Amino acid sequence: MTDNGIWVVDFGGQYNQLIARRVREAHVYCEIVPYEKCMARLDGGELPLGVIFTGGPSSVYEEGAPGLPASFFELGIPVLGICYGAQLMAHTLGGKVVSPDYKEYGRVALYAGIDPVIAGIDPVIAGAAPQSKSALFSGISDTLQCWMSHTDYIAEPPAGFVVTSHTENCPTASLEDPVRRLYGVQFHPEVHHTPFGQELLKNFLYKVCGAAGDWTMANFAKQKVSEIREIVGDRKVLCALSGGVDSSVAAVLVHEAIGDNLTCIFVDHGLLRKDEGEQVMEVYGRQFNMKIHRVNAAERFLSKLAGVDDPEKKRKIIGAEFIAVFDEESKKLFASEGDIEFLLQGTIYPDVVESGGGGGKAAVIKSHHNVGGLPDDMNLKLLEPLRLLFKDEVRGVGEELGIAPELVWRQPFPGPGLAIRCLGEITEEKLFIIRESDAILREEIDKYNEGLFAKTGKRNYGGDYVSDAGGNVSSERAVWQYFTVLPNIRSVGVMGDARTYDYAVGIRAVTSVDGMTSDWARLPYEVLETLSNRIVNEVDGVNRVLYDLTSKPPGTIEWE
Ligand code: XMP
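1. Quick word on the site of the ligand
Phase 1 of the analysis: Residues in contact with the ligand amount to 13 residues; listed here are only the nearest, Arg 315, Gln 481, Lys 552, Ile 557 and Glu 558.
Phase 2 of the analysis: For the ligand, an oxygen atom lies 2.5 Å from a polar atom in the side chain of Arg 315.
Phase 3 of the analysis: In the model, an oxygen atom of the ligand is placed 2.7 Å from a nitrogen or oxygen of the Ile 557 main chain.
Phase 4 of the analysis: Protein burial of the ligand: of its 490 Å² of free accessible surface, 76% is covered by the chains.

Structure (structure tokens):
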């Protein structure tokens with residue numbers, strides 16, 4: 001947190017969060033700043049260490065295409081333009097961008113040597129050819145593979161710029177004016193299909209911008225604890241603890257800062273996984289010694305849900321009931337504990353960015369599984385210590401604070417819990433089947449991962465990323481989320497010579513990076529076989545096991 005940080009200036013590119021994550025992975029703090037807010041923030045006295053322009057869907061020649069005034073480039077701030085960002089910089093500074101009638105898309109060979117003749121670049125187009133290797137490509141080979149996705153390209157660099165790499169179809173795959181510290185790349189260094197991309201970003205951050213690379217979760221946690229102490233003083237904080245990663249890490253962090261002045265309300269809606277409620281109390285209540293007020297509201301939720309089979313109605317009932325319970329309980333606490341002044345929320349950076357708050361707008365309060373609404377008369381101030389962090393950074397803070405890895409790296413669990421995995425009407429019997437089968441699934445995936453770890457040193461589930469040859473991390477093939485569902489189908493079977501008419505259980509296991517898209521996980525047949533045997537044999541009321549082979553889209557990860 002000692003650097004001023006980098007601004008990832010957003011021109012509407014699909015990879016803005018990915019770029020920011022890559023910068024953070026290089027231990028440099030960064031923020032995503034909408035391009036429209038840039039000049040106002042600079043006028044307000046802020047000065048980033050450097051900026052990275054993202055790509056974007058526009059062409060610089062479009063009416064109203066997003067951009068920044070030429071004066072921006074006179075401020076002395078180092079710039080790395082990516083794709084549209086590079087074209088915009090070139091166009092604004094007097095270079096020539098053209099729109100050919102072909103696209104360059106996918107993995108492409110790139111040459112980043114210093115001799116324009118060998119490189120096949122017309123020295124006239126290349127301007128003054130670079131006499132030494134570009135700082136961006138320092139320590140990186142001349143002959144490379146990169147990921148391209150563009151139509152327009154830069155045909156002539158602006159005065160003062162030299163071309164530093166090219167591809168067969170793109171004469172200006174990268175360009176720079178090292179004196180003004182302005183750099184542009186047509187390819188995408190942030191995606192793992194550009195294997196040297198992270199090295200190039202690090203070169204920009206360390207060598208060009210002079211970043212110290214001291215953004216670590218240990219530093220963050222230390223600094224946040226003292227900041228929270230300062231802000232809260234000896235006043236009281238209330239937190240809705242769900243047992244999920246974000247609210248748990250936020251609570252442990254604040255507890256570290258202010259101890260017993262933090263009170264957590266844990267609403268157990270009876271839709272949690274097997275033993276989960278107990279685990280929350282054991283870990284956070286007893287191990288971390290936090291003040292947790294557990295509300296056993298299972299009966300209340302189940303009676304409201306009785307007879308309801310419409311998925312949206314279920315979600316709405318659970319959301320409304322959560323707010324009602326939280327309101328009642330916090331009012332009781334308010335009466336017994338005296339003034340509570342702050343409400344702690346586990347808001348994280350993607351929530352802020354996705355709600356348009358990257359430029360400083362207030363974050364939208366998360367849906368029902370955190371807190372959807374609070375009595376106005378309590379007039380609480382929001383405390384959001386994790387609002388600058390990506391999910392993997394939140395996990396890093398959790399580890400720094402001593403939360404066990406299996407909790408910190410746990411898979412996502414939806415706020416409405418098992419209700420949206422129990423199709424049709426929710427009953428105790430069906431919840432029991434989901435809980436028991438899900439516990440078996442989790443046990444078997446753990447075993448599978450331990451076996452894999454023993455053999456390869458890598459686990460194949462969320463968080464344990466696999467590095468490719470270029471050192472870039474990818475979690476695309478990792479099992480990201482896995483659970484069982486009860487599709488509300490009963491079918492005929494035979495067990496021990498007797499006819500059965502029992503439920504089918506569905507197994508859902510997906511690979512994903514962020515839950516926005518996913519593919520079904522290629523679990524080994526042996527794992528599937530064990531799962532099928534164990535679930536049918538050990539869970540009463542089940543005689544059939546199904547594996548869901550649907551990607552997202554067209555399916556969603558959850559079934560409701
Ligand atoms: P879908 O089913 O939309 O899920 O593909 C994407 C990811 O979001 C989780 N999910 C939820 N999380 N409250 C949550 O906190 C919800 O209502 C909710 N619905 C889905 C889901 O588990 C998956 O990780």
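2. Details of the state of the cysteines
Phase 1 of the analysis: As enumerated under the stated definition, the model contains 0 disulfides in all.
Phase 2 of the analysis: Just so you know, Cys 239 is unpaired, no disulfide at all, and the nearest cysteine sulfur is the one on Cys 264, 4.2 Å from it.

3. Digging into the sheet that holds strand β3 (residues 50-53)
One key point about sheets: their strands pair by backbone hydrogen bonds, in either a parallel or an antiparallel sense.
Phase 1 of the analysis: The sheet built from 7 strands is open, its strands ordered β2-β1-β3-β4-β11-β10-β9 with mixed pairing. Two strands bound the open sheet, and with one partner strand each, they are β2 (30-34) and β9 (162-165). Neighbour to neighbour, the strand axes of the sheet diverge by 20° on average, direction disregarded.
Phase 2 of the analysis: Taken together, the 4 bridges between strand β10 (residues 174-177) and strand β11 (residues 182-185) define a ladder with antiparallel strand orientation. Counterpart to Ser 174 in the pairing with β11 is Val 185.
Phase 3 of the analysis: Running at roughly 155° to β2, helix α1 (residues 16-25) makes contact with β1 (6-10), β2, β3 and β4 (79-82) of the sheet.
Phase 4 of the analysis: Strands β1, β3, β4 and β11 of the sheet are contacted by helix α4 (residues 197-208), whose axis makes an angle of about 160° with β4.

4. Here we look at a negative patch on the surface
Phase 1 of the analysis: On the surface, Asp 309, Asp 310, Glu 312 and Glu 425 cluster together into a patch of negative charge.
Phase 2 of the analysis: Mapped onto the elements, Glu 312 comes out in helix α9 (residues 311-337).

5. A short note on unusual backbone geometry
What you tend to see is this: most non-glycine residues have negative phi, and most peptide bonds are trans.
Phase 1 of the analysis: Note the cis peptide between Lys 552 and Pro 553, where omega equals -15°.
Phase 2 of the analysis: Mapped onto the fold, Pro 553 is located in the segment after β23 (542-547).
Phase 3 of the analysis: Pro 554 follows Pro 553 through a cis peptide bond whose omega is 10°.
Phase 4 of the analysis: A positive phi angle, close to 60°, is found at Asn 289, a residue other than glycine.

6. Topic: the packing of helix α6 (residues 245-258) against helix α11 (residues 391-400)
Phase 1 of the analysis: Contact geometry for α6 and α11: axes closest at 10 Å, N-to-C directions at 40°. Classified by the angle their axes make, α6 and α11 are oblique. α11 is crossed by α6, and the crossing has left-handed handedness. On the side of α6, the interface is formed by Val 245, Asp 246, Val 249 and Leu 253, while α11 contributes Lys 391, Val 394, Arg 395, Val 397 and Gly 398.

7. Details of the pairing of β11
Two faces, one strand: in a regular strand the side chains alternate between the faces of the sheet.
Phase 1 of the analysis: Side chains Leu 182 and Gly 184 project from β11 onto one buried face, and the interleaved Tyr 183 and Val 185 project onto a second face that is buried too.
Phase 2 of the analysis: Where β4 meets β11, 4 bridges bridge the pair, whose relative direction is parallel. Bridge pairing in β11 places Gly 81 opposite Gly 184.
Phase 3 of the analysis: Remark: 4 residues form the turn of the hairpin made by β10 and β11, two consecutive strands paired antiparallel; Arg 181 in that turn has positive phi of roughly 55°.

8. A short note on the sheet that holds strand β12 (residues 237-240)
Phase 1 of the analysis: Across the sheet, 5 strands lie side by side as β14-β13-β12-β15-β16; this open sheet has parallel pairing. The sheet terminates laterally at β14 (291-296) and β16 (381-383), the two strands that pair on one side only. Across the sheet, the axes of successive neighbouring strands diverge by a mean angle of 25°, strand direction being ignored.
Phase 2 of the analysis: Inspection of the sheet shows strand β15 (residues 342-344) paired to β16 by 3 bridges, in the parallel sense. For Leu 343, the partnering residue across the bridge sits in β16 and is Leu 382.
Phase 3 of the analysis: Running at roughly 155° to strand β13 (residues 262-268), α6 makes contact with β12, β13, β15 and β16 of the sheet.
Phase 4 of the analysis: Sitting on the sheet, helix α7 (residues 276-287) touches β13 and β14, and the angle it makes with β14 is about 170°.

9. Some remarks on the packing of helix α5 (residues 217-232) against α6
Phase 1 of the analysis: Put simply, α5 and α6 touch, their axes get as near as 8 Å, and they point 60° apart. Crossing of α5 over α6 shows right-handed handedness. Together, Ala 221, Lys 224, Val 225, Ile 228, Arg 229 and Val 232 of α5 and Leu 253, Val 254, Glu 256, Ala 257 and Ile 258 of α6 make up the contact between the two elements.
Phase 2 of the analysis: Taken together, the residues of the contact of α5 with α6 break down into 8 nonpolar, no polar and 3 charged.

Definitions and limits used
Residue indices begin from 1 for each chain and proceed along its sequence in written order. Where totals are concerned, whole chains, interfaces and linings use all residues; where local detail is concerned, this predicted model gives features only for residues with pLDDT of at least 70, and gives and counts side-chain atom pairs only at 80 or more. Side-chain descriptors were evaluated using all non-hydrogen atoms of the structure, hydrogens and water having been removed beforehand. In this text, near means that some heavy atom of the residue lies within 4 Å of the molecule or strand in question. Polar contact is defined as a pair of N or O atoms within 3.5 Å, subject to the rule that within protein one atom must be able to donate a hydrogen and the other to accept it, and that residues adjacent in sequence are counted only when both atoms are side-chain atoms. Only the protein chains shown count as covering a residue, and every accessible area follows the Shrake-Rupley method with a 1.4 Å probe. Here, the term disulfide refers to a pair of cysteine sulfur atoms separated by no more than 2.5 Å. Two strands make a pair as long as DSSP finds a minimum of two bridges between them. Helix and strand assignments follow DSSP, with helices taken as H or I runs no shorter than four residues and strands as E runs no shorter than two, numbered in order from the N terminus. Axes here refer to lines fitted to C-alpha atoms; in helices the fit is confined to the stretch in contact. Angles between the N-to-C directions go from 0 to 180 degrees. Throughout, a residue-residue contact means that at least one pair of heavy atoms, one from each residue, lies within 4.5 Å. Exposure above 30% relative accessible area and no salt bridge define the residues that can form patches, which grow by joining like charges within 9 Å and nonpolar side chains of Val, Leu, Ile, Met, Phe, Trp and Tyr within 5 Å. We define a salt bridge as a side-chain nitrogen of Lys or Arg found within 4 Å of a carboxyl oxygen belonging to Asp or Glu. Counting rule applied: Lys, Arg positive; Asp, Glu negative; His and chain ends not counted. Here the site of a charge means NZ on Lys, CZ on Arg, CG on Asp, or CD on Glu. Orientation labels follow simple angle bins: below 35 degrees gives roughly parallel, above 145 gives roughly antiparallel, 65 to 115 gives roughly perpendicular, and whatever is left gives oblique. Rotating anticlockwise by less than a right angle from the far helix to the near helix defines a left-handed crossing, while the corresponding clockwise rotation defines a right-handed one. Three exposure classes are used, based on accessible area relative to the maximum for each residue type with a 1.4 Å probe and protein chains only: buried under 20%, partly exposed in between, and exposed over 50%. Put simply, Ala, Val, Leu, Ile, Met, Phe, Trp, Tyr, Cys and Pro go in the nonpolar bin, Asp, Glu, Lys and Arg in the charged bin, and everything else, Gly too, in the polar bin.

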